[in-house]
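# A closer look at the structure
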Amino acid sequence: MNFKYFIKYLSYGFFAGAIALSPVTVIGQVKNPGLLVHAADDEPTTLDPAQVEPGEGGETIILQVYDRLLDIGPASAALIPSLAVEIPSLSNGGISGDGLTYTFKLRSGVTFHDGTSLTADDVKYSWDRAMEMNLPEGNAGALSDVIASTEIIDDLTFRVNLSEPSASFLNSTVVSMVASVVSQDAVEANGGVKAETPNRFMAGNMVGTGPYKFVVWNRNENLQLEVNESYWGDNAKLDVRIEIGGDPDVRVLGLRAGEFDTIETDPSFIADLEGADGVTIYTGGLLLEPLHIGFNLNIPKGSLPDGDTISEDFFHDPRIRQAFNHAFDYQAFLNGPLAGYGAFNPHYTPIGIFGHDADAPVYSEKNYAEAERLFREAGVWDEGFAVSVITEEGNLFALMCLVLKDSIERLNPNFRINVLAVAESVFDDAHAQNPLEYAMWAKNADPAADPNFYMQAYQHPDGEWGEVHGFANGYRDAAKVGELIDSAATELDPAKRSAIYRELQTILYDDPMWLIGAQEGVVMAHRDWLKGFAMQPLWPRPSLKFSFFDK
Amino acid sequence: MQLRDYIIRRLMVLPILILGVSIVVFTLTRVGGSPIGIYLSHEMTPEEVLKIEERFGLDKPVLVQYIQWLKGIVSGDFGWSGVASAPVAEVFPIKLAATLELATAAGLVALFLGITLGTFAGARRNRFPDHLTRIVAVSGASLPQFWFGILLLIIFWAQLGIAPIGRSDATIFASISHPTGLYTIDAILAGSIRALWDAIWHLILPALTLGYGATAIIARMMRSALVEELQQDYVDAARAKGLAEKLVIKRHARRNALVPTITVIGLTFGFLLQGTITIEIIYRWPGIGRWMADSVLRGDQATLMTYVLFTSVLFLLVNLIVDVIYANLDRRVTLGK
Amino acid sequence: MTNPPQSSNITITKDSAFSVKINRFLALLQRLLSNPTTVIGLIIIGLMLSMAIFAPWITTANIPDPYQMPRDWGAVRKPPGEMGYLLGTTNEGGDVFYGIVWGSRTSLQLSIYVVGSTMIIGTIIGSIAGLLGGWVDEVLMRIVDVFLSIPELIFALAIAAVLGPSFTNIIIALSLVIWVKYARIMRAQVLQIKQNDFVDAARIVGDSKFNIYIKDILPNAVTPVTVQATLDMGNVVLIGATLSFIGLSEAGIAEWGVLVSEGQAGIASGRWWASTFPGLMIFLWALAFNLLGDGLRDALDPRLEDR
């Protein structure tokens, strides 16, 4: 008997204590003052600029802790000076007449987080090191593809010699995370530079010049940054703790409870946040990573999964590719999985990138009549077909494939789409094979700041995917497409460059090499008490610079 | 003498079993799936893939890889975790401590609830309370842990706001040092009531959820053991002497019934070990269970292999200890009687 | 064929042996049904079975593949009752009610395939080990021990992870993990009976080892195997659902575990229906078989009979 009473009162005590000591939100009162808590949806793989892959979680940490010579400002795509005091141009002599030499004047008095001073040595070291390590998972190619050599003129002057003129050097290469400036002293004291080998110290530690200092990374839990009091520019106001992992709805709840100040979430949760107390939803833009499904025109004989009935040259016929593009239910995809947040872009210039033509023809509506006509013309209507599409499971790509499946199968019951939703690692492995053993796969494009990267990677017949997918087998005029893309890459006159991209977008509509589901909308939510909130899609996801925020 | 021989025999078989497990788990990761996948970035070329293969030794023949792996284990190198972006050996102890804390708390819950329920049911065999208790206990074993946990989370976290998720409040956690890695112990060592409360408060819901699941195992055993005890001669004798029923049960029968209940400790331990996987996912507990689930989904075979090997060894050891204890007790009991 | 003994008092005919068996069976049934919790379990199982059998009549089968959830992208995340969806819709506009009904079929398939195949495989291997003895027994039992060293869920998780996310692979993974239990049981039965006297008697009479096996060993093994199989029918669906929850099953199919997994992203925002109903079904299924299994064990265990 005594025991039972004991238990009863003990549990009362626990709950009373829980309520008393739990951080219940008082409406209006700012939680965690002085600290910004951001709930992220993915975790960095590495914190080393020479190792980080474009588009993965480590890039945003690098953005906060390291600086580059130039940066993109929060308000527009225009460049702003950072470690370089002015933007090199033809008029100020920063760019040589032949467009091959760029000279940067560095800011004086800048110190690294360990107290040492920044000199041109560090800049050259940072760039050279990335190129020498040449890590397969990193982005060294962005530098080594265009740079012939780097030089030090004096302590505060750094010079780069390109191998050929490039329209995207400043606005893309110089501002990319791989071009971040690290402390030579710190690296040399911790493993130095070894070709083809990652540096363990740099992968888990950071010594930079940026507004934030790295504190600790508790794997799968959180990552903490603190304000750099001796920053050369405007100081950050809040320390940062990035919460890692956890389900999307846990993040939503945490935001509503005030535990998190900003969260990354996906469009399907906006409905739960609308009208919530103290929460502001920001939907001011589009991600620069269009969601797409690829057509393989280079399928090795007999390699397709069991169940596929198509021939290896199925996608050589532009009518088939066009028919797929017409059959996809874009509105269903936009309104369902994307909850209305997104837009449709032409092949292949995303909205928000230079060169995007708002008047270009775009696939944005399901058109069964046109799709049927094209399938009939191509001769596959009566017989039908079955084809697989491989994708990562459990995310937007899988949903896009399900929409494709439903769209195609409802058009004609003889059509079958098998969705092979596999684990990410399996997908990455399959995706890296050349030639590819699948007819279709779904993913999103890598983000970039310049249209040339998209065109080279995703449309050029000799480009990365052009080669793997065999675009040359399918384009009506492959040579012309290649020529246009190449000339736009080196064309330094913005007006002429625009015109070339305009022409490309029209040609590619009739000769699509992809099915572009949509360009995903940016969806972020934050607490009302957060001031200074600004997003710039050209910054690595989540496109935020925490140094601007205050509570 | 027999007991010592038994122990020695079991101990000798142990390394063979562990080796067997290592072969099974290694073969699994090489035969299916894609051991390299996790180290790849998106959009890598085949040449780049080759470089990564060389870095992790995945270009060598399978047998050589197996030997390398074993050699690595002996020298404390369990591979590189793609999920944690750090050596497995570095991250494992930290997360293990978190899981151990949770499992122990849950085990205490299961022990308490199981023995209570089992005694209650066993003493009232085949009457209504027995059936009701049986349903309650069996429910614990039938519940999809993940679903039950989510339900509790909605009620106590989302709606009532009196339960937290995760293991700790980051600020309080950072305010004390962590010599053992067990939050409760470290809080006591640091003399911080605030941290101790933080630790316990975060433990309640996950421990209850996990513990309830294991309750059925103990309750079932306790009940049938008690029933059997109550049929013994000495119980009749005690009743004839006029001792109160409750006293008979409490003092003698239950204590004796606890003996066979020891045999299910191994089973309970196995249940708790497996249950931590889903419970940690739901409550965002930073233990090895959640890490394992991530590794499974993302193909982090270094973590996977280490985890399976570790849990199997633990499982084997616990079962061995339990068997030895029981054999020892059994011998004494048979000798005594 | 030997002649029966001359004495007319002792006539052992096939008929009365059979009727003894019937009587024992009826007594078992009575003991079973006298336990209310077992009855509850049987009722639930009956309801589930009917749902599975009559699925195409309860809801129209989805074309072309009835085991794919019917998706209406225009009606995503609807609560129960809205737009004619009895139990609401999922994140992809899937009909939760459809998922519940057809999910019973997939659960039935899952448990029958796994339990059926493991029973057969386990029985064969366990019997071989027990009958042949010697090094065959040693090797087989070491393999069984190794498999038993790895906790069930973790082992199934590892296998399913490397095979890839698909329903078939979950069946394979679970089968590979569970067969060892039956092997153990069978072997123990064989060994136990090998030692019994009446086996010696049968040998004297001249029955072949195989006959002994069929006539004496197997029938006696039925008891523990049946109890294990019943419990496993429930357990398999539970573990399978856990594997689905972690993300190892096919997307978009009408299976309870997959539904809970897909439906749980939204619970914290108040969308409880997509995961609660399928979760409830998994619970009831496992509960029913657990209760039945417990009841069977009690009814078949001579020790627990009243003195």
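Attention in this report is confined to the structure presented alongside it. (Residues numbered from 1 in each chain as written. Chains lettered and ligands numbered in written order. Predicted model: local features only at pLDDT ≥ 70, side-chain atom pairs only at ≥ 80, totals over all residues. Heavy atoms only, no water.)

All names here are of chain A. One open sheet accounts for three strands, arranged β4-β6-β5; its pairing is antiparallel. Two strands bound the open sheet, and with one partner strand each, they are β4 (101-105) and β5 (147-154). Shown here is a sheet whose adjacent strand axes are inclined to one another by a mean of 20 degrees, direction ignored. The pairing of β4 with strand β6 (residues 157-162) spans five bridges and is antiparallel. (Pairing = 2+ DSSP bridges. Helix = DSSP H or I, 4+ residues; strand = E, 2+ residues; numbered from the N terminus. Axes fitted to C-alpha atoms, helices over the stretch in contact; angles between N-to-C directions.)

Next up on the list: the interface of chain C and chain B. The interface of chain C with chain B comprises 48 residues on the first partner and 45 residues on the second. Across the chain C to chain B interface the summed buried area is about 4,200 Å²; carbon plus sulfur atoms make up 73%. Linking chain C with chain B are one salt bridge, by the criterion used here. The residue Arg220(B) makes a salt bridge to Asp294(C) at a minimum N-O spacing of 3.1 Å. Applying the counting rule to chain C against chain B returns seven residue pairs in polar contact (both at pLDDT 80 or more). Put simply, the parts of the chain that give the side of chain C that touches chain B at least two residues each are α2 (36-53), α5 (134-149), α6 (152-163), α9 (209-246) and α11 (273-300) of chain C. Among the elements that make up the side of chain C that touches chain B, the one with the highest residue count is α11(C) (13 residues). Of the residues assigned to the side of chain C that touches chain B, the class counts are 29 nonpolar, 10 polar and nine charged. (Contact = heavy atoms within 4.5 Å. Buried area = accessible area lost by both parts, 1.4 Å probe. Salt bridge = Lys/Arg side-chain N within 4 Å of Asp/Glu carboxyl O. Polar contact = N/O pair within 3.5 Å; in protein donor to acceptor, adjacent residues only side chain to side chain. Nonpolar A, V, L, I, M, F, W, Y, C, P; charged D, E, K, R; others polar.)

Residue and element names in this part refer to chain A. Taking strand neighbours across the sheet as the criterion, the six strands line up as β13-β17-β12-β16-β14-β15 in an open arrangement whose pairing is mixed. This sheet does not close on itself; its edge strands, each paired only once, are β13 (342-343) and β15 (415-422). Direction of pairing for strand β14 (residues 385-392) relative to β15: parallel, over a ladder of eight bridges. Within β15, the position partnered with Thr 391 by the bridge is Ala 421. On the sheet, helix α14 (residues 424-431) packs against β14, β15 and β16 (440-444) and is oriented at approximately 115 degrees with respect to β14.

Right, let's get into the interface of chain A and chain B. One frequent convention defines the size of an interface as the accessible area lost when the parts assemble. In this complex, chain A contributes 53 residues to the contact, which on the side of chain B involves 43 residues. When chain A packs against chain B, the two sides together hide about 4,000 Å² of surface, and 56% of this comes from carbon and sulfur. Among the residues chain A hides against chain B, the three largest losses belong to Pro136(A), Arg219(A) and Asn220(A). Together they make up 15% of the total. Summed over the shared surface of chain A and chain B, the number is three salt bridges. Two residues, Arg55(B) and Glu137(A), come together in a salt bridge whose shortest N-O distance is 2.9 Å. Viewed at the interface, chain B and chain A are joined by eight residue pairs in polar contact (both at pLDDT 80 or more).

Attention shifts here to the pattern of salt bridges. Under the definition given, this model contains 38 salt bridges over all chains. Across the salt bridge formed by Arg410(A) and Asp406(A), the nearest N and O atoms sit 3.8 Å from each other. Pair noted here: Arg410(A) and Asp406(A) are both in helix α13 (residues 396-411), with a separation of four residues, about one helical turn. With a relative accessible area of 52%, Arg410(A) lands in the exposed category. The exposure class assigned to Asp406(A) is buried, which follows from its relative accessible area of 8%. For the salt bridge of Arg167(B) with Glu101(B), the shortest nitrogen-to-oxygen distance reads 2.5 Å. Separated by 66 residues along the polypeptide, Arg167(B) in the loop between α6 (145-159) and α7 (170-174) and Glu101(B) in helix α4 (residues 88-123) bring together distant segments of the chain. Salt bridges here are not isolated pairs; linked through shared partners, they connect Asp317(A), Arg319(A), Glu370(A), Arg373(A) and Glu377(A). (Buried < 20%, exposed > 50% of the residue type's maximum accessible area, 1.4 Å probe, protein only.)

Residues and elements named next belong to chain A. Tallying each qualifying case throughout the model produces 51 aromatic pairs over all chains. Here the aromatic rings of Phe 471 and Tyr 475 are separated by 5.7 Å at their centres, their planes lie at 70 degrees, and the arrangement is edge-to-face. Take Phe 471 and Tyr 475: they sit in the same class, and that class is buried. Pairwise contacts between aromatic rings join Phe 295, Phe 314, Phe 315, Phe 324, Phe 375, Trp 381, Phe 385 and Phe 415 into one cluster. In this structure, Arg 219 is placed above the aromatic ring of Trp 217, and the distance from its NZ or CZ to the ring centre is 3.8 Å. (Phe/Tyr/Trp six-rings, centres within 6.5 Å; stacked < 30°, edge-to-face > 60°. Lys NZ or Arg CZ within 6 Å of the ring centre and 35° of its normal.)

Bringing the nonpolar core into the picture now. Among the nonpolar cores identified, the biggest contains 151 residues, and Phe104(A), Trp127(A), Phe169(A), Phe324(A) and Met440(A) are the most heavily contacted of them. The element best represented in this core is α13(A), accounting for 10 residues. If we skip the residues at most four places from it in the chain, Trp127(A) touches Leu69(A), Leu143(A), Ile147(A), Thr150(A), Phe158(A), Val160(A), Phe169(A), Val174(A) and Ala179(A). Leu96(B), Leu102(B), Ala106(B) and Leu287(C) belong to the second largest nonpolar core, which has 150 residues in total. (Core = buried A, V, L, I, M, F, W, Y, C linked by side-chain atoms within 4.5 Å.)

Bringing the side chain of Thr303(B) into the picture now. Residues and elements named next belong to chain B. Assignment of secondary structure puts Thr 303 in helix α14 (residues 301-336). The buried category is assigned to Thr 303, whose relative accessible area is 1%. Setting aside anything within four residues of it in sequence, one finds Thr 303 in contact with Ser 81, Val 88, Trp 291 and Ser 295.

This brings us to the packing of α5(C) against helix α7 (residues 167-194) of chain C. Residues and elements named next belong to chain C. At a minimum axis distance of 9 Å, the contact between α5 and α7 shows a crossing angle of 135 degrees. If you check the angle between α5 and α7, you find them oblique. For the element pair α5 and α7, the recorded crossing hand is left-handed. Along its contact with α5, which presents Asp 137, Met 141, Val 144, Asp 145, Phe 147 and Leu 148, the element α7 presents Leu 176, Trp 179, Val 180, Ala 183, Arg 184 and Arg 187. (Parallel < 35°, antiparallel > 145°, perpendicular 65-115°, else oblique. Left-handed = near helix turned anticlockwise from the far one by under 90°.)

Looking now at the side chain of Gln64(A). With respect to the secondary-structure elements, Gln64(A) resides in helix α2 (residues 58-65). Here Gln64(A) is in contact with Gly210(A), Pro211(A), Tyr212(A), Leu225(A), Leu544(A), Lys545(A), Phe546(A) and Ser547(A), once residues within four sequence places are set aside.

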